[in-house]
Amino acid sequence: MSNERLRSALLASGMTVQALAEEIDVNPKTVERWITKGKVPYRRHQYATAAALKVDVTTLWDDDRAVESAADLTKAEIVTVYPHRHTVPSGLWREIYGRARRNVDVLVYSGLFLSEDPAFHDLTKAKVEAGAQVRILLGDPDCAAVEQRGIDEGHRIMGGKIRNALLHYRPLMKSHPDIGVRLHDSTLYNSIYRSDDEMLVNPHVYGIGAYMAPVLHLRRLPGGGLFDTYANSIEHTWDNARPITDQDIASITGV
C-alpha cells in the first residue's frame, strides 16, 4: 500500500525524491519504496524526513513505531557511530562541510589533520565568500589545559601541534580575514566539527589520541536535544576565546 501522505508532503515541499534522499543520506530507491510500497523507515529516518519536509512525523507515519518521547528523538539524532576517528570515511569530513550554508565550526585543540588538508582550506574560503559563518577554535598552546591534554595522551607535544595548525591556517587568515580563528583555554571533552545541522563529535578518551577515540555523526532533529548540547558548547567556547594576535604568529614564525 502506497504512502500518499508522504508523496503529497514531498510534492508540497517542492523536493524531488533524489533531493530528499541526499538530504537524509539514504538511497533514492529506499525513498521510492517508502512512497510506493508504504515501507516504514527506521526511526531516525522518519524524523529526518519530517524535518526535511517541515511537517510533523505523525503526518507521514502513524504506526506504533513512531517516535514520541524526547529520549527517542535524541537517539534518532545519531546517524551513526564510528569506533575510532581513523575509521571515519576520508571523504565524509569534506562532504559534511560541503553541505554547509550557514555555519562551519571547528572546535579542537589542534585538529592538525584538518589544517593540513588543502581541500578544507578551499572549502572554507568558498563558504565564507558565499556568506557562511566560519569559525575555527584552537587551543591556546601555552595554556594549562593544552599541556594536560598532551600528558593525558602520553606526550608533551600538543602545544607544538597547535602551533603547526596555526602555521597552516596563517595564509587562510591573511587572505580571508572573515574566517574567524580564535584560541581557547577550555578543558575540552570533545572535538566538534559542525556544518549547519550536522556534526561529527570526537570524544576525548584518557590515555589515547583523538584519532583512536570514537566519533558520533549527529544530525539535528526538531525536539531532539543531543545536537544542541554540543552546538551550545561551541558557542560558549567561542564567546570565551580570544583572537589570534601578532605575538601568537611571531611565536611560531620567529618574525
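Residues numbered from 1 in each chain as written. Predicted model: local features only at pLDDT ≥ 70, side-chain atom pairs only at ≥ 80, totals over all residues. Heavy atoms only, no water.

How would you explain helix α11 (residues 158-175) if you had to name every residue and give the values?
In a regular helix each residue adds 1.5 Å, so 18 residues correspond to 26 Å; α11 covers 27 Å between its end C-alpha atoms and thus fits that length. In the structure, α11 departs most strongly from a straight axis at Tyr 169, where the bend amounts to approximately 40° and where the proline Pro 171 lies between one and four residues downstream. Within the span of α11, buried status applies to Met 158, Gly 159, Ile 162, Ala 165, Leu 166, Tyr 169, Leu 172 and Met 173. (Helix = DSSP H or I, 4+ residues; strand = E, 2+ residues; numbered from the N terminus. Expected span 1.5 Å × (residues − 1). Bend = angle between axes of the 7 residues up to and from the residue. Buried < 20%, exposed > 50% of the residue type's maximum accessible area, 1.4 Å probe, protein only.)

I'd like to hear about a positive patch on the surface, residue by residue, with values.
A cluster of basic side chains, namely Lys 29, Arg 33, Lys 37 and Lys 39, defines a positive patch on the protein surface. Inspection of the secondary structure puts Lys 39 in the loop between α3 (28-36) and α4 (43-53). In this structure Lys 39 comes out as partly exposed when scored by relative accessible area, which is 46%. (Patch = residues over 30% accessible without salt bridge, like charges linked within 9 Å, V, L, I, M, F, W, Y side chains within 5 Å. Areas by Shrake-Rupley, 256 points an atom, 1.4 Å probe, with all protein chains shown as cover. Salt bridge = Lys/Arg side-chain N within 4 Å of Asp/Glu carboxyl O. Lys, Arg positive; Asp, Glu negative; His and termini not counted. Charge placed at Lys NZ, Arg CZ, Asp CG, Glu CD.)

Before we move on, could you go through the nonpolar core and cite the residues and values that matter?
Ranked by internal contacts, the top residues of the largest apolar core, which has 53 residues, are Leu 138 and Tyr 169. At seven residues, the largest contribution of residues to this core is made by α11. Ignoring anything within four residues of it in the chain, the contact list for Tyr 169 reads Leu 114, Ser 115, Phe 120, His 121, Ile 136 and Leu 138. By size, the runner-up hydrophobic cluster in this structure holds 21 residues, among which are Leu 6, Leu 10, Ala 50 and Ala 52. (Core = buried A, V, L, I, M, F, W, Y, C linked by side-chain atoms within 4.5 Å. Contact = heavy atoms within 4.5 Å.)

For the sheet that holds strand β8 (residues 242-243), give the residues involved together with the corresponding values.
What the eight strands build is an open sheet, ordered β1-β7-β6-β5-β2-β3-β4-β8; its pairing is mixed. Across the chains shown, the open sheet's two edge strands, defined by having one partner strand only, are β1 (78-82) and β8. Direction of pairing for strand β2 (residues 103-107) relative to strand β3 (residues 133-139): parallel, over a ladder of five bridges. Residue pairing across strands places Val 106 opposite Ile 136, the latter belonging to β3. (Pairing = 2+ DSSP bridges.)

Account for the pattern of salt bridges, naming residues and giving values.
Evaluation of the coordinates by the stated rule reveals 16 salt bridges. Here Asp 117 ties to Arg 94 by a salt bridge, and the two come within 3.0 Å at their closest N and O atoms. One end of the pair, Asp 117, is in the loop between α8 (112-115) and α9 (118-129); the other, Arg 94, is in helix α7 (residues 92-98), and 23 residues separate them in sequence. Judged by relative accessible area, Arg 94 falls into the partly exposed class, the value being 44%.

Lay out the packing of helix α2 (residues 17-24) against α3 in plain terms, naming residues and giving numbers.
Viewed as axis vectors pointing N to C, α2 and α3 meet at an angle of 115°, and their least axial separation amounts to 8 Å. Considered as vectors, α2 and α3 are oriented roughly perpendicular to each other. At the point where α2 passes α3, the crossing takes the right-handed sense. For the pair α2 and α3, contact is made by Val 17, Gln 18, Leu 20, Ala 21 and Ile 24 and by Pro 28, Val 31, Glu 32, Trp 34 and Ile 35, respectively. (Axes fitted to C-alpha atoms, helices over the stretch in contact; angles between N-to-C directions. Parallel < 35°, antiparallel > 145°, perpendicular 65-115°, else oblique. Left-handed = near helix turned anticlockwise from the far one by under 90°.)

Explain helix α1 (residues 4-13) to me, using residue names and the numbers behind them.
For α1, every residue scored as buried is listed here: Leu 6, Ala 9 and Leu 10. Summarising the axial view, the buried residues of α1 lie within an arc of 100°, below the 170-degree limit, and thus occupy one face. In α1, the exposed positions angled more than 90 degrees off the buried face are occupied by Leu 11 and Ala 12. For α1, the secondary structure elements touched by its buried residues are α2, α3, α4 and α5 (57-60). (Arc of directions from axis to C-beta.)

Before we move on, could you go through the side chain of Thr 237 and cite the residues and values that matter?
Examined against the element boundaries, Thr 237 turns out to sit in helix α12 (residues 226-239). Of the polar contacts made by the side chain of Thr 237, one reaches the backbone oxygen of Ser 233; its length is 2.8 Å. Aside from chain neighbours lying at most four places away, what touches Thr 237 is Leu 107, Leu 137, His 184 and Ser 186. (Polar contact = N/O pair within 3.5 Å; in protein donor to acceptor, adjacent residues only side chain to side chain.)

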